[in-house]
Amino acid sequence: MLQNYSGRPTPLYYAKRLSDKWDGAKIYLKREDLNHTGAHKINNCLGQALLASRMNKKRIIAETGAGQHGVAVATVCCLFGMNCTVYMGSEDMVRQAPNVDRMKLLKAEVIPVTSGTGTLKDATNEAIRDWVTNIENTHYIIGSTVGPHPYPLMVRDFQSVIGREARSQMLEFEDCLPDAVVACVGGGSNSLGMFHDFVNDIGVCLYGVESAGEGLATENHAATLNKGKPGILHGSLSYLLQTADGQILPTHSIAAGLDYPGVGPEHSAFKDSGRVKYESISDSEALKAFIELSETEGIIPALESSFALAFAKKLAGSMNPSENILICLSGRGDKDLANENVARLINQRTQTRERTTDVHNIKNICRLHTNRPESLDALSDLGLSGSGNFC
Amino acid sequence: MPFLTSGYPDQETFVKLLYEVEANGADLVEIGIPFSDPMADGKTIQAASREALNNGMTVRKTLEMIKSMPRKLTIPIILMSYLNPIFNYGLRDFCRHASDVGVSGLIVPDVIPDEGRELERVAEVFGIDVVYLLAPTSSTERIHMILNQSRGFVYLVSLAGVTGARDSLPLALNQWIQAIKEQSQLPVCVGFGISNVSQAKEIGRSADGIIIGSAIIDIIKKQNSTSQILSAVGEFITAMRKGLSHDSCYYEC
């Protein structure tokens, strides 16, 4: 099923143009975005749907943030002939609108969650409430390495195919293991799936990248491992963003899939043991990386994955071309085009390109008519006053 | 046993409500410490928790509020909290301070008996009973575990679901309560979904106690003034109490 339905193994891609541009280590992308449904989430959903089928459960529920998990769940429900209900924060439904439509097309009932902050943690609360009410016929497919035991382990195991494939692909390509592996961390499923097979490879540095949102110094971030302290949410003990009184804090990330105040307990263990280093990247850095990969390689990454890319860029600069960085490109970015920040950025880029084209045309005109100063005025009208010396 | 959300609808009225339920025949009172993510609660208690949090309620303030009551309650106080606020406060400090202000028992709905040994150990040192929830979906093995590890009483959840007043309860509920009672010496108190006197009467035929939360909060919400709240809740508790045949407090106070 992973092979013929989801399209595994996903390719490992050597991003030459990006590597050249970043002028440091060689960049390899594990193309989880090329999975059916466009993200790594399907790996876990296929596994859990088989489990639900074995348990004879006819109804599936799920929570979703970015909507990638919701789409994957709705997809496997069609495949297995099961009923599907997805809980999604009302705020996330707006910023990930294309995925809401995909879920509806796939017959899923999408229930908006307005309680709390209207994001992933609240959707998770609602899913748990549904689950305890309808447990006789319902299986809850948790999308990340969070929740009560055995979910964190089970989800990691279903996702570990990412790292297993990538490890042997790296050996095939480079005849050696990567020097660094980078993945974004929200709840932590793509990263744990990627890291799992590398944990015992001591020479491989593992980096988990959290969302610093508007900055770690502000309250608007989702950097649980960088800024949280241990606590209990959704049935497990892990780092948690919380107030001094133990209430769960609202989080912020431009990437809905990273907008969660908790994190998988195994990540907390890796933080404490030091095996994985947890870094953070701001919204604006991630957006730059989103554009950069799109323009350089023709690959539109998910905003979530863009956090991993942005950190890898920093890392690559401190490494040399004989070294390799493996990045988990966890999902594709089509879903993010409706995001207002992304749309604004695309607009700006388009305008800049148009302006550059205009400048180019005017330069040609100037060359032909060097004695016509009004051409220079045209340049200055375009806000490029200093451009006169092009002529 | 009435359930009241700590600091709801406001601190002053909450303390008056404690005296009111005591005066109208409550045998115990359960005080819920509000939490931002109350997973086991339905919409009513979610809303009350949110309002209490907006009013600035915390674990510390709850304990201080009980401590500074002008007169100690004569009925036992059971505290309900999700684990994170008390974990954050520190289990040992929490149990010590709760014991200091006269708390008798503790319900932590997101602690399962498999993970509850540390909590039990600390609570026992300070003479606080840890009460576990027993659900209709609990397997035989888990029922044994819960009955073995619960102290004071066992909290039998009437239905598969979250808290919140229901018009009807599962048909075989009494049979199930009876079956549990045969397996344990512990008093069995039934909660979740109970909203009216006839339900209380029905369950009271086999249960040792009933726990009512959302129905009381629904009543509080409908009133316009503190005095109305107190009299409406008082009447409700009186009616409920009359509906139950036995009048002894089964809890070892």
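Residues numbered from 1 in each chain as written. Chains lettered and ligands numbered in written order. Predicted model: local features only at pLDDT ≥ 70, side-chain atom pairs only at ≥ 80, totals over all residues. Heavy atoms only, no water.

K.L.:
Would you mind showing me how to read the nonpolar core here?
P.N.:
Among soluble globular proteins, nonpolar side chains are generally buried collectively. Residues and elements named next belong to chain B. Counting residues in each nonpolar core, the largest one holds 112 residues, and the members touching the most others are L79, F94, F153, V190, I203 and V233. Per-element tally for this core: the top contributor is helix α11 (residues 226–243), with 7 residues. Ignoring anything within four residues of it in the chain, the contact list for L79 reads I31, I33, T62, L63, I66, F94, A98, V103, G105, L106 and I107. (Core = buried A, V, L, I, M, F, W, Y, C linked by side-chain atoms within 4.5 Å. Buried < 20%, exposed > 50% of the residue type's maximum accessible area, 1.4 Å probe, protein only. Helix = DSSP H or I, 4+ residues; strand = E, 2+ residues; numbered from the N terminus. Contact = heavy atoms within 4.5 Å.)

K.L.:
Even after reading the chapter, I still don't get the sheet that holds strand β2 (residues 29–32) of chain B, so can you show me in this structure?
P.N.:
Backbone-to-backbone hydrogen bonds pair the strands of a sheet. The strands run either parallel or antiparallel. Residue and element names in this part refer to chain B. The 5 strands lie next to each other as β1-β2-β3-β4-β5, forming an open sheet whose pairing is parallel. Bordering the open sheet on either side are β1 (3–5) and β5 (129–131), each of which pairs with just one other strand. Pairwise comparison of adjacent strand axes, ignoring direction, gives a mean angle of 30 degrees for this sheet. (Pairing = 2+ DSSP bridges. Axes fitted to C-alpha atoms, helices over the stretch in contact; angles between N-to-C directions.)

K.L.:
For this particular structure, what's the right way to read a nonpolar patch on the surface?
P.N.:
Nonpolar side chains collect at one region of the surface, where M1, L50 and L79 of chain A lie side by side and expose about 280 Å² of accessible area between them. Within the secondary structure layout, L79 of chain A lies in helix α4 (residues 68–80). (Patch = residues over 30% accessible without salt bridge, like charges linked within 9 Å, V, L, I, M, F, W, Y side chains within 5 Å. Areas by Shrake-Rupley, 256 points an atom, 1.4 Å probe, with all protein chains shown as cover. Salt bridge = Lys/Arg side-chain N within 4 Å of Asp/Glu carboxyl O.)

K.L.:
Honestly, the packing of helix α5 (residues 91–100) of chain B against helix α6 (residues 117–125) of chain B in this entry has me stumped. Any pointers?
P.N.:
Residues and elements named next belong to chain B. Where α5 meets α6, the axes come as close as 9 Å, and the angle between the chain directions of the two elements is 40 degrees. Pair α5 / α6 crosses with right-handed handedness. In this structure, α5 uses L91, R92 and C95 to contact α6, whose residues at the interface are E118, L119, V122 and A123. Residues belonging to the contact of α5 with α6 are distributed by class as follows: 5 nonpolar, no polar and 2 charged. (Left-handed = near helix turned anticlockwise from the far one by under 90°. Nonpolar A, V, L, I, M, F, W, Y, C, P; charged D, E, K, R; others polar.)

K.L.:
I would appreciate a short explanation of the confidence of the model for chain B in the present structure.
P.N.:
The predicted coordinates of low-pLDDT regions are not to be read in fine detail. Residues with a pLDDT of 70 or more make up 96% of chain B, whose mean pLDDT is 95. Confidence metrics for the complex model read pTM 0.91 and ipTM 0.93. (pLDDT = per-residue confidence, 0-100.)

K.L.:
Mind showing me how you'd approach the interface of chain B and chain A here?
P.N.:
Across the contact, 22 residues belong to chain B and 27 residues belong to chain A. Counting across the interface, chain B meets chain A through 1 salt bridge. With a closest N to O distance of 3.0 Å, K121 of chain A and D37 of chain B form a salt bridge. On inspection of chain B and its partner chain A, the count reaches 13 residue pairs in polar contact (both at pLDDT 80 or more). Where the side of chain B that touches chain A is concerned, the elements lending two or more residues are α2 (43–54) and α4 (83–89) of chain B. Per element, the largest residue contribution to the side of chain B that touches chain A is 5 residues, and it comes from α4 of chain B. Taken together, the residues of the side of chain B that touches chain A break down into 10 nonpolar, 7 polar and 5 charged. (Polar contact = N/O pair within 3.5 Å; in protein donor to acceptor, adjacent residues only side chain to side chain.)

K.L.:
Can you walk me through the packing of helix α8 (residues 151–159) of chain A against helix α9 (residues 161–174) of chain A in this structure?
P.N.:
In a pair of packed helices, the angle between the axes and the distance between the axes together describe the arrangement. Residue and element names in this part refer to chain A. One can describe the packing of α8 onto α9 by two numbers: an axis separation of 5 Å at closest approach and a directional angle of 35 degrees. Of α9, the residues touching α8 (which contributes D157, F158 and Q159) are V161, I162 and G163. Its residues assigned to classes, the contact of α8 with α9 shows 3 nonpolar, 2 polar and 1 charged.

K.L.:
Would you mind going over α2 of chain B with me for this structure?
P.N.:
With 12 residues, α2 of chain B extends 16 Å between its outermost C-alpha atoms, agreeing within 8% with the 16 Å of an ideal straight helix rising 1.5 Å per residue. Within α2 of chain B, burial applies to T44, I45, Q46, A48, S49 and A52 of chain B. Close packing links the buried residues of α2 of chain B with α7 (120–133) of chain A together with β1 and α10 (214–222) of chain B. Once α2 of chain B ends, the next one or two residues include G56 of chain B, with phi positive near 90 degrees. (Expected span 1.5 Å × (residues − 1).)

K.L.:
Would you explain the pairing of β2 of chain B in this entry?
P.N.:
The two faces of the sheet receive side chains in turn, since in a regular strand these alternate between them. Residue and element names in this part refer to chain B. Of the two faces of β2, the one holding V29 and I31 and the one holding E30 and G32 are both buried throughout. Bridge analysis of β1 against β2 gives 3 bridges, and the strand direction is parallel. Bridged to T5 within β2 is G32. Running through helix α1 (residues 11–23), the crossover from β1 to the neighbouring parallel element β2 is right-handed. Relative to strand β3 (residues 77–80), β2 runs parallel, the two sharing 4 bridges. Along β3, the bridge assignment pairs G32 with M80. (Right-handed = clockwise from strand over helix to strand, strands pointing away.)

K.L.:
What should I look at first to understand the sheet that holds strand β8 (residues 188–191) of chain B in this one?
P.N.:
Residues and elements named next belong to chain B. Taken in spatial order, the 4 strands line up as β6-β7-β8-β9 in an open sheet, and their pairing is parallel. Every other strand in the sheet has two partners, leaving β6 (133–134) and β9 (209–210) as the edge strands with one partner each. Where β6 meets strand β7 (residues 154–157), 2 bridges bridge the pair, whose relative direction is parallel. Residue pairing across strands places L134 opposite L156, the latter belonging to β7.

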